[in-house]
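Each chain, written out:
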Amino acid sequence: GKDLYDESKQVQDLFQLASQVTSMDLKDLLFNGSEEDLKATDKTQIAVTLVNLSVSLYLTERGITADGCAGFSLGEYSALWEAGVLSDEDIFAIVKLRGALMEQASRSQDSGHGKAGMAAVLGLTYDEAMEVHSQALEYAPNNCLYRLFYSELLNCVGEHVEAIIQFNHAYSLL
């Protein structure tokens, strides 16, 4: 988002508005925040939404507009904003609440075995993912042909990184 911020007054104004609505310094979070800060769901949700909207503003300034809007999960809120259903203020208030509730739910699942978390693994088939971890505590739906997500304790996710690497696929601990 920094390139967009540097190039667009509208994006700078959006950052300022989002920071006011969420009571967070989003410029500092996005440009200087630690990886740990950016992984916290209550912050990630807002940051991703802000960058999504920034891209839209930047493109619109250059005459590129959407003919239609669609999104998945968090992206649905950006699609609703793009379609004019949500205002600038409303989207950040809603996404802030969504992120806070998700972070609270995640932290309620922490245990002596580790912190609850999620990993995104790109390119594994369902069978490969099940081979990597046949006893996933919670297996999220295969929501994209090339992407599988599963949630479990972070220390368990970390144990499976070597197995994921053997399939030569990209992953990210979220």
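What you are looking at is a predicted structure, and each value in this text was computed from that prediction instead of being measured.

1. Focus on the overall build of the protein chain
On a plain count of helices and strands, the protein chain comes out with ten helices and four strands. Start at the N end of the protein chain and walk to the C end: the helices and strands fall as α-α-α-α-α-α-α-β-α-β-β-α-α-β. For the protein chain, buried positions account for 33% of its 174 residues. Long-range contacts, defined as pairs at least 24 residues apart, comprise 62% of the intrachain contacts of the protein chain with a sequence gap of at least 6. Within the structure as shown, the protein chain displays about 10,000 Å² of accessible surface, and the carbon and sulfur contribution to it stands at 53%.

2. Here's the deal with the packing of helix H2 (residues 9-22) against helix H7 (residues 88-107)
Contact geometry for H2 and H7: axes closest at 9 Å, N-to-C directions at 50 degrees. On the basis of their axis angle, the class for H2 and H7 is oblique. Crossing of H2 against H7: the hand is right-handed. Along the contact surface, H2 presents Leu14, Leu17, Ala18, Val21 and Thr22, while H7 presents Asp88, Glu89, Phe92, Ala93 and Lys96. Taken together, the residues of the contact of H2 with H7 break down into six nonpolar, one polar and three charged.

3. Focus on the nonpolar core
Counting 19 residues, the largest nonpolar core has Leu50, Ile91 and Phe92 as its most contacted members. Of all the elements in the fold, those that place two or more residues in this core are helix H1 (2-7), H2, helix H3 (26-32), helix H5 (41-61) and H7. Ignoring any residue separated from it by four or fewer positions in sequence, one finds Phe92 in contact with Leu14, Ala18, Val21, Thr22, Ile46, Thr49, Leu50 and Leu53.

4. A word on the environment of Arg107
Note on placement: Arg107 falls in helix H7. Excluding anything up to four places from it in sequence, Arg107 contacts Lys115 and Ala116.

5. A few points about the confidence of the model for the protein chain
The predicted model of the protein chain has a mean per-residue pLDDT of 80, with 70% of residues at 70 or higher. Across the protein chain, H2 holds the top mean pLDDT of 98, while strand S3 (residues 147-153) sits lowest at 44. This model gives residues 135-141 a pLDDT under 50, and the stretch forms 13 contacts once residues within four places in sequence are excluded. Contacts for the low-pLDDT stretch residues 145-155, under 50 throughout, to residues beyond four places or in other chains number 56 contacts.

6. Structural notes on unusual backbone geometry
Phi at Ser23 takes a positive value of approximately 55 degrees, unusual for a residue other than glycine. Mapped onto the fold, Ser23 is located in the loop between H2 and H3.

7. Some points on the packing of helix H6 (residues 75-82) against H7
Where H6 contacts H7, the axes come no closer than 10 Å and their chain directions differ by 170 degrees. Classified by the angle their axes make, H6 and H7 are roughly antiparallel. Each of Tyr77, Ser78 and Trp81 in H6 lies in contact with H7, whose residues at this interface are Asp88, Ile91, Ile94, Val95 and Arg98. A per-class count over the contact of H6 with H7 returns five nonpolar, one polar and two charged.

8. A few points about the pattern of salt bridges
Where charged atoms of side chains with opposite charge meet at close range, the side chains can pair. Enumeration over the complete set of coordinates arrives at five salt bridges. With its nearest N and O atoms 3.2 Å apart, the salt bridge here joins Lys39 to Glu35. On the criterion of helical spacing, the pair formed by Lys39 and Glu35 is a turn pair, its members being four residues apart in helix H4 (residues 35-39). Notably, a salt bridge pairs Glu103 with Arg107, separated by 2.8 Å at the nearest N-O pair.

Rules used throughout
Within each chain, residue numbers correspond to sequence positions counted from 1 in written order. In keeping with the predicted nature of the model, local features appear solely for residues at pLDDT of at least 70, side-chain atom pairs appear and are counted solely at 80 or more, and the whole-chain, interface and lining totals rest on all residues. The basis for every side-chain value is the complete set of non-hydrogen atoms in the structure, without hydrogens or water. Secondary structure elements are taken from DSSP: a helix is a run of H or I of four residues or more, a strand is a run of E of two residues or more, and numbering for both begins at the N terminus. A 1.4 Å probe rolled over the protein chains alone gives each residue an accessible area, and that area as a share of the maximum for its type sets the label: buried under 20%, exposed over 50%, partly exposed in between. Contacts are assigned to residue pairs with any non-hydrogen atoms lying within 4.5 Å of each other. Per-residue accessibility takes into account occlusion by the displayed protein chains alone, with areas from the Shrake-Rupley method and a 1.4 Å probe. The axes are straight lines fitted to the C-alpha atoms, using for helices just the contacting stretch, and the angles between their N-to-C directions are given from 0 to 180°. Angular relationships are summarised with four words: roughly parallel below 35 degrees, roughly antiparallel beyond 145, roughly perpendicular across 65 to 115, and oblique for the angles in between. By convention the crossing between two helices is left-handed if the near helix lies anticlockwise of the far one by an angle smaller than a right angle, and right-handed if it lies clockwise. Three classes are used: nonpolar for Ala, Val, Leu, Ile, Met, Phe, Trp, Tyr, Cys and Pro, charged for Asp, Glu, Lys and Arg, and polar for all others, with Gly counted as polar. We call a set of buried residues a nonpolar core when its members are Ala, Val, Leu, Ile, Met, Phe, Trp, Tyr or Cys and they connect through side-chain atoms within 4.5 Å of each other. Think of pLDDT as the predictor's per-residue confidence, scored from 0 to 100. Only one rule defines a salt bridge in this text: a Lys or Arg side-chain nitrogen within 4 Å of an Asp or Glu carboxyl oxygen.

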